[in-house]
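# Commentary on secondary and tertiary structure
Here are the chains, one letter per residue:
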Amino acid sequence: MVVGDIATGTDVLVIGAGPGGYVAAIRAAQQGLDTTLVERDAYGGTCLNYGCIPSKALITGSDLAHEAGHAEEMGIHADPVVDMSQLRDWKDGVVDQLTGGVEKLCKANGVNLVEGTARFKDENAVRIAHGGEGQGSETIEFEHCIIATGSRVIQIPGFEFEDEHVWSSRDALAADSIPDRLVVVGGGYIGMELSTTFAKLGSDVTVVEMLDDILPGYESDVARVVRQRAEDLGIDMHFGEGASSWREEDDGIIVTTELEGGDENEYRADKVLVAVGREPVADTMELENAGIETNERGFIEVDDFRRTDTENIYAVGDVVADTPMLAHVASKEGIVAAEHIAGEPVAFDSQAVPAAVFTDPEIGTVGMTEDEAEEAGFTPVVGQMPFRASGRALTTGHADGFVRIVADENSGFVLGAQIVGPEASELVAEVALAIEMGATLEDIASTIHTHPTLAEAVMEAAENALGQAIHTLNR
Amino acid sequence: MVVGDIATGTDVLVIGAGPGGYVAAIRAAQQGLDTTLVERDAYGGTCLNYGCIPSKALITGSDLAHEAGHAEEMGIHADPVVDMSQLRDWKDGVVDQLTGGVEKLCKANGVNLVEGTARFKDENAVRIAHGGEGQGSETIEFEHCIIATGSRVIQIPGFEFEDEHVWSSRDALAADSIPDRLVVVGGGYIGMELSTTFAKLGSDVTVVEMLDDILPGYESDVARVVRQRAEDLGIDMHFGEGASSWREEDDGIIVTTELEGGDENEYRADKVLVAVGREPVADTMELENAGIETNERGFIEVDDFRRTDTENIYAVGDVVADTPMLAHVASKEGIVAAEHIAGEPVAFDSQAVPAAVFTDPEIGTVGMTEDEAEEAGFTPVVGQMPFRASGRALTTGHADGFVRIVADENSGFVLGAQIVGPEASELVAEVALAIEMGATLEDIASTIHTHPTLAEAVMEAAENALGQAIHTLNR
Amino acid sequence: AEDDGESGGRVFAPPSVRRLARELGVDLSTVDGSGPSGRVTEGDVRAAAESESEAAAETTD
Ligand SMILES: Cc1cc2nc3c(=O)[nH]c(=O)nc-3n(C[C@H](O)[C@H](O)[C@H](O)COP(=O)(O)OP(=O)(O)OC[C@H]3O[C@@H](n4cnc5c(N)ncnc54)[C@H](O)[C@@H]3O)c2cc1C
Ligand SMILES: Cc1cc2nc3c(=O)[nH]c(=O)nc-3n(C[C@H](O)[C@H](O)[C@H](O)COP(=O)(O)OP(=O)(O)OC[C@H]3O[C@@H](n4cnc5c(N)ncnc54)[C@H](O)[C@@H]3O)c2cc1C
């Protein structure tokens, strides 16, 4: 429906083409709704262009180079040389293939694509400012809107990403040479993934973290496995220190940190990567014109259907309060919002939200920890299987870590899992399904698991919780 | 209970310490039964000593060496040299660790271990012939017995494994040098796993297969992905040919094959690996004394509880008719037999028996194919997701293959999956649980799957079957 | 609560059953689950929906 000369109309307007927005747009179009997707930068958003995908591609390259160079024990003798600009080109090729795919899928599903920045005029219209010169602007009127504007990296005082010595994760992922020395500020998952990557590529890596451990939010025995391996890789970790300033000196830079008592430390480096977290992007679209407020941390609050306070406007993904800032959460929320607009009986009612960290080894978690289960009123029972007792893990040469499964003792219902070890990111999938289905420990234990696989460790952990493990001693 | 001077007694006697027998023995002991395990060769049986474990260890080594040498596109330049005797030592170390573990676990659970060959005296006693000289024999009386004597490789006329030029899979896995030219007779899963391994280690490999495709039993579009990759690795495959003889010539051998019309082909090689299948080991224990007969193919027939015709004697694993000859099936059967003896309400009622092939790429299958679903009276609907549309697959550099999921159109119940691609052996675990739980396509599709993972492809395949895939076009 | 498919304030039911409950307007926390450990099944939800509409029919009678 054309509403005037300069204004067009659409059933569903989606702002932002990251994993929240493009998935919402495709699903809305699949539901028969006339759908328009506005993006000001690149299809696929942070995840495909500057996040999940490029980071995992570099991890693959750094893993292969490092492993091949350290497999004498297996009789493999190699001295791999990494051409970083070639590795970058390969990674860019992967990104291009996927972002091109997103654009094609949107079109194939009939989504109208608009390039530009969307700003609300009111509860039923946005103005789109086109990027290019003299491109002017247009107005789009909508019945429903889905905000999926994502997040951006947090900057800390004194560390300007414009400076060539200061890297954001995005800069690190675009590097075409390997710094000899890298200081990483922040030991969260993005900081640790990149520390591991560059350490394997040959950088001397120092991590500076304000708290007293890496990977805050993960249980200490889970983080410990990654921390141990990071140490073995030569990553130097300093806790209880915050980066306060940096200066150029000689050929490189010196990063100064502040300790609790007021003492200072200095670290020489060539680059400093600041990875202290991400903040919502809710300030690009004049939300107030649509009657939407953000909470004190800048996030948009939503209900079970991802509706904002303005009923016809939804929000999904990193910009939304209370759910973790993860691509698959964004996509799920996008689907819920789109289907709710179409009148489907959906809700964001996931019992199991998995998360992965692609360090060495990987971490995969889903559902509740033992403590969380206790707090939620369950009587938790846990079972564990160390990968060093797994035939498959030993044959891959990667046997650090464990699978832990948490269940309710009375009912047997599976409540969560914490996995650290090879392919942990994949192994949580089975447990996620178990939790959503209301499966019991016995259901997992009596399902045949292929030998030899890492997935057997999930079964063994369930059996261990039941006191009948074969390959570990029962508690 | 001691029954006499030379005879001892036990509640449960288990014959054979492979994945069928040792698991049965541990579980029987866990149920409080006095359990004795007899093994004439090595703890862990075929699987740990000459099968699953050593083959997967060599695959890891050959994969790493080959990948590192072929990653220029990723900017990784290396020219790995493989020291085969070192690789063999590493593999042997893995095997030793696991077989030692089996022995320890048996002891820790209170299983009595006896070395020797068991032969039935009657329905309630075996005589054990000890291996060592002058070790004599002893009689063990039992209430219940579990036969887990496994299988052995099939020999073909003219190809004696005693000859140093003729390899069984066991010989191939014990090799301490890499043959320049290898002829592999048989394109089944063991033949293809070993062909791929040696091709990656640098052998010129020729596969000779009687049928018209590799991997009989797998659907042709699944086999095709592996066949294509095998071709790319330079493996020369010949179909409709059976190996008839071989002779030494010059420094090597010549293998002669027979074609349908009576023509012959000759292939030069240094070794010939015969991998045409395995046959049950039911002839080592004088079964007839216990009143048990084998079927015409030499297998022992059993009921749902793994009982033979002699009620107190059970059989599990490769020696049993009708179930696939796989380690995890043997273990499951061992658990069922042990628990049934203990009076538990168990049965071998698995709806989903997964199987994996560790070729490049891997194959993982579980439950029914589309054709099998149709035959079973369902109205099958299938969904597919190619790995080249998976972000995770692209970032690993391995994007061949697909996930196919088969469900019943009316009820939505998941019936099976055929996966060929990276980590296919792990990915089937989720689908196996889905099938056992009676999950629907919607249950899998609405479970959040971590991004970026290969497991997302399972979700996408389910969505595709529902006509609402995001990352593929819906049929 | 033990063995009623509800513990820690959570009802144990597969995603497809939860969706069906929303579709039929059934409050899952009021449904007695007949599955293992009280897991709520599709049949439980359909039965609850039916008995609700019967009850509604009776009161309007
Ligand atoms: C280095 C790194 C690694 C990561 N790895 C993982 C991982 O492995 N797994 C995982 O799950 N998550 C990972 N993440 C997080 C993941 O990238 C985010 O959770 C995800 O991108 C959020 O999706 P979204 O759609 O909410 O927002 P985004 O992907 O941020 O997309 C928002 C889009 O909106 C556009 N936009 C903003 N405002 C406007 C406007 N007014 N008009 C038009 N367009 C606008 C932006 O240009 C952007 O393209 C990683 C992040 C980083 C930085
Ligand atoms: C190269 C190769 C690769 C394989 N890869 C896989 C794989 O990846 N996954 C998989 O699932 N399967 C695989 N298999 C198959 C797997 O090894 C078998 O399915 C499995 O070992 C069967 O277990 P079992 O306990 O029935 O018998 P076995 O493992 O064969 O054990 C039987 C044991 O019984 C002993 N025995 C026999 N007779 C007597 C007697 N009279 N007295 C005392 N002891 C006796 C034998 O010495 C032996 O140790 C592979 C096999 C081979 C050859």
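Predicted model only: the values in this text are computed from it and were never measured. (Residues numbered from 1 in each chain as written. Chains lettered and ligands numbered in written order. Predicted model: local features only at pLDDT ≥ 70, side-chain atom pairs only at ≥ 80, totals over all residues. Heavy atoms only, no water.)

### Some points on the overall build of chain A
Our working rule: Here a helix means four or more residues in a row that DSSP labels H or I, a strand means two or more in a row labelled E, and each is numbered from the N terminus. Values of the radius of gyration come from C-alpha atoms, whereas the globule rule sets the reference at 2.2 Å times the count of residues to the power 0.38. The criterion used for residue contact is that any of the two residues' heavy atoms lie within 4.5 Å. Working convention for charge: Lys and Arg count positive, Asp and Glu count negative, and His plus the chain ends are omitted. Just so you know, the charge point we use is NZ for Lys, CZ for Arg, CG for Asp and CD for Glu.
Counting its regular elements, chain A contains 13 helices and 24 strands. Against the compact-globule benchmark of 23 Å for 475 residues, chain A has a radius of gyration of 24 Å, which places it among compact chains. With respect to the principal axes defined by its C-alpha atoms, chain A has extents near 70 × 65 × 45 Å. Put simply, 61% of the contacts in chain A that link residues at least 6 apart link residues at least 24 apart. Charged side chains of chain A number 29 positive and 86 negative; the gap between the two group centres comes to 3 Å.

### A word on the environment of Glu-374 of chain A
Structurally, the position occupied by Glu-374 of chain A is in helix 9 (residues 370-375). Expressed as a C-alpha distance, the spacing of Glu-374 of chain A and Asp-408 of chain A, which sit 34 residues apart in the sequence, is 9.2 Å.

### Digging into the relation of the copies chain A and chain B
Operational definition: Only residues with pLDDT of at least 70 in both copies contribute their C-alpha atoms to the least-squares superposition of the copies.
Between chain A and chain B, the superposition needs a rotation of 180 degrees and an axial shift of 0.0 Å, giving an RMSD of 0.0 Å. Viewed as a symmetry operation, the transformation between the two copies matches a two-fold axis. In terms of proximity to the rotation axis, the leading residue of chain A is Glu-430 of chain A, whose C-alpha is 2.2 Å off the axis.

### Notes on the interface of chain A and chain C
The criterion, for reference: Here the quantity called buried area is the total loss of accessible area, with a 1.4 Å probe, experienced by two parts when brought into contact, counted for both. Here a salt bridge means any side-chain nitrogen of Lys or Arg lying within 4 Å of a carboxyl oxygen belonging to Asp or Glu.
The partner chain C presents 17 residues to the 23 residues of chain A that form the contact. For the pair chain A and chain C, the summed buried area comes to about 1,700 Å², and 51% of that belongs to carbon and sulfur atoms. Between the two partners, chain A and chain C, sit six salt bridges. For Arg-22 of chain C, the salt bridge goes to Asp-349 of chain A, with nearest N and O atoms at 2.9 Å.

### Thoughts on the site of ligand 1
Here is the rule we go by: Neighbouring residues are identified by heavy atoms, a residue being near a molecule or strand if any of them is within 4 Å of it. Under the rule applied, a polar contact is a pair of N or O atoms within 3.5 Å (in protein, one hydrogen donor and one hydrogen acceptor; residues adjacent in sequence only if both atoms are side-chain atoms). Using a 1.4 Å probe, accessible areas were evaluated by the Shrake-Rupley method; residue-level cover was limited to the displayed protein chains. Classification used: nonpolar for Ala, Val, Leu, Ile, Met, Phe, Trp, Tyr, Cys and Pro, charged for Asp, Glu, Lys and Arg, polar for all others including Gly.
Lining the immediate surroundings of ligand 1 are 44 residues, of which Glu-39, Thr-46, Lys-56, Asp-318 and Ala-327 of chain A lie closest. In this structure ligand 1 sits where residues from chains A and B come together. Between an oxygen atom of ligand 1 and a side-chain N or O atom of Lys-56 of chain A, the distance comes to 2.7 Å. Interatomic distance of 3.0 Å between a backbone N/O atom of Ala-118 of chain A and a nitrogen atom of ligand 1. Burial of ligand 1 by the protein chains amounts to 98% of its free accessible area of 990 Å². Going through the elements one at a time, strand 2 (35-39), helix 2 (45-50), helix 3 (52-69), strand 6 (117-122), helix 5 (169-173), helix 6 (189-201) and helix 8 (327-341) of chain A are the ones with two or more residues in the shell around ligand 1. Among the elements that line the shell around ligand 1, the one with the most residues is helix 2 of chain A, at four residues. A per-class count over the shell around ligand 1 returns 20 nonpolar, 18 polar and six charged.

### Regarding the domain arrangement of chain A
Quoted interface sizes are often the accessible area lost when the parts come together. All names here are of chain A. Defined as follows: Note that the domain bounds were set by an automatic or database domain assignment.
Each domain of chain A was delimited in the assignment, giving domain 1 (7-153 + 279-342), domain 2 (166-276) and domain 3 (354-466). Computed from C-alpha coordinates alone, the two centres of domain 1 and domain 2 are separated by 28 Å. Taken together, the contact between domain 1 and domain 2 spans 19 residues of the former and 17 residues of the latter. Summed over both partners, the interface of domain 1 with domain 2 comes to about 1,500 Å²; 65% of that surface belongs to carbon and sulfur atoms. When the buried surface of domain 1 facing domain 2 is broken down by residue, Tyr-50, His-66 and Met-84 rank first, second and third, together holding 35% of it.

### Quick look at the state of the cysteines
All names here are of chain A. Short version of the rule: When the sulfur atoms of two cysteines come within 2.5 Å, that pair is taken as a disulfide. Only protein chains enter the accessibility calculation, which uses a 1.4 Å probe; a residue is then buried when its area is under 20% of its type maximum, exposed when over 50%, and partly exposed in between.
Counted according to the given criterion, the structure contains two disulfides over all chains. Each sulfur in the disulfide pair Cys-47 and Cys-52 lies 2.3 Å from the other. Between Cys-47 and Cys-52 the sulfur-sulfur dihedral comes to about -125 degrees; the bridge is accordingly left-handed. We note that Cys-106 lacks a disulfide partner, and the nearest cysteine sulfur, in Cys-47, lies 14 Å from it. By relative accessible area, which is 0% here, Cys-106 ends up buried. The thiol sulfur of Cys-145 is not disulfide-bonded, and the nearest other cysteine sulfur, from Cys-106, lies at 16 Å.

### Looking at the sheet that holds strand 20 (residues 355-357) of chain A
All names here are of chain A. So the rule is basically this: The criterion for strand pairing is that DSSP finds at least two bridges linking the strands in question. Fitted lines through C-alpha atoms give the axes, limited to the stretch in contact for helices. The angle between two N-to-C directions lies from 0 to 180 degrees.
Ordered by their spatial adjacency, five strands build an open sheet running 20-21-24-23-22, and the pairing between neighbours is antiparallel. The sheet is open, and its two borders are formed by strand 20 and strand 22 (380-386), each paired with just one other strand. Across this sheet, the average inter-strand angle for adjacent strands is 10 degrees, counted without regard to direction. Here seven bridges tie strand 22 to strand 23 (residues 402-408), and the two strands are oriented antiparallel to one another. Note on strand 23: the bridge partner recorded for Pro-380 is Asp-408. Contacting strand 21 (362-367), strand 23 and strand 24 (414-421), helix 7 (residues 220-232) runs over the sheet at an angle of about 170 degrees to strand 23.

### Focus: the site of ligand 2
Taken together, the neighbourhood of ligand 2 is formed by 44 residues, with Gly-20, Glu-39, Thr-46, Lys-56 and Ala-327 of chain B sitting nearest. With respect to ligand 2, its neighbouring residues span chains A and B. Coverage of ligand 2 by the protein amounts to 98% of the 1,000 Å² it exposes when considered alone. With four residues, the top contributor of residues to the shell around ligand 2 is helix 2 (residues 45-50) of chain B. There are two domains that each give the shell around ligand 2 at least three residues, and those are domain 1 (7-153 + 279-342) and domain 2 (166-276) of chain B.

### Here we look at the packing of helix 1 (residues 21-30) of chain A against helix 8 of chain A
Helix-helix packing is described using two parameters, namely the angle between the two axes and the distance between the axes. All names here are of chain A. Convention followed: Each angle receives one of four descriptions, namely roughly parallel if under 35 degrees, roughly antiparallel if over 145, roughly perpendicular if within 65 to 115, and oblique otherwise. By definition, any crossing whose near helix is turned counterclockwise from its far helix by less than a right angle is left-handed, and any crossing with a clockwise turn is right-handed.
The contact between helix 1 and helix 8 brings their axes to 8 Å, and the two run at 30 degrees. Overall, the two elements helix 1 and helix 8 adopt an arrangement that is roughly parallel. Helix 8 is crossed by helix 1, and the crossing has right-handed handedness. Two secondary-structure elements touch here, helix 1 through Val-23, Ala-24, Arg-27 and Ala-28 and helix 8 through Ser-331, Gly-334, Ile-335, Ala-338 and Glu-339. Residues of the contact of helix 1 with helix 8, tallied by class, amount to five nonpolar, two polar and two charged.

### So, the pattern of salt bridges
The tally for this structure, following the rule as stated, stands at 58 salt bridges over all chains. The partner of Asp-89 of chain B in a salt bridge is Arg-88 of chain B, and the shortest N-O contact between them spans 3.3 Å. Here Asp-89 of chain B falls in the partly exposed class, since its relative accessible area comes to 44%. For Glu-266 of chain B, the salt bridge is made with Arg-247 of chain B, and the minimal N-O distance between the two is 3.1 Å. Remark: Arg-247 of chain B occurs in strand 14 (residues 241-249) and Glu-266 of chain B occurs in strand 16 (residues 264-269); sequence separation between them is 19 residues. Accessibility expressed as a relative area gives 46% for Glu-266 of chain B, which makes it partly exposed. By relative accessible area, Arg-247 of chain B is classed as partly exposed at 34%. Several salt bridges share partner residues, and in doing so they unite Arg-27, Glu-339 and Glu-344 of chain A, Glu-442 and Glu-463 of chain B together with Arg-19 of chain C into one network.

### Quick look at the pairing of strand 1 (residues 7-15) of chain A
Residue and element names in this part refer to chain A. Where we set the bar: Looking down the strands as they point away from the viewer, one classifies a crossover as right-handed if the path from the first strand across the helix to the second runs clockwise.
Buried residues dominate strand 1, accounting for seven of its nine residues. Two strands pair when backbone bridges link them, and strand 1 and strand 8 (residues 137-147) are joined in this way by eight bridges, in the parallel orientation. Of the residues in strand 8, the one forming a bridge with Val-14 is Ile-146. For the crossover from strand 1 across helix 1 to strand 2, the handedness is right-handed.

### Some thoughts on the sheet that holds strand 10 (residues 166-167) of chain A
Residue and element names in this part refer to chain A. Strand order in this open sheet of five strands is 10-17-11-12-13, and the pairing throughout is parallel. The open sheet terminates on both sides in strands that have one partner only, identified here as strand 10 and strand 13 (236-239). As defined by bridge partners, strand 11 (residues 181-185) adjoins strand 17 (residues 271-274) across four bridges and the pair is classed as parallel. The partner of Val-183 across the bridge, within strand 17, is Val-272.

### Here's the deal with the interface of chain A and chain B
At the interface, 92 residues of chain A touch 91 residues of chain B. Surface buried jointly by chain A and chain B totals about 7,300 Å² across both partners, of which 66% is contributed by carbon and sulfur atoms. The three residues of chain A that bury the most area against chain B are Leu-433, Ile-448 and Ile-470 of chain A, which together make up 10% of that side's buried surface. Between chain A and chain B we count four salt bridges in total. With a closest N to O distance of 3.8 Å, Arg-392 of chain B and Glu-362 of chain A form a salt bridge. Across the chain A-chain B interface, the total number found is 22 residue pairs in polar contact (both at pLDDT 80 or more). Among the elements that take part in the side of chain A that touches chain B, helix 11 (residues 424-437) of chain A stands out by supplying 11 residues, more than any other. Its residues assigned to classes, the side of chain A that touches chain B comprises 49 nonpolar, 25 polar and 18 charged. Sheet analysis places strand 3 (residues 76-77) of chain A next to strand 4 (residues 81-82) of chain B, joined by two bridges and oriented antiparallel. Within strand 4 of chain B, the position partnered with Ile-76 of chain A by the bridge is Val-82 of chain B.

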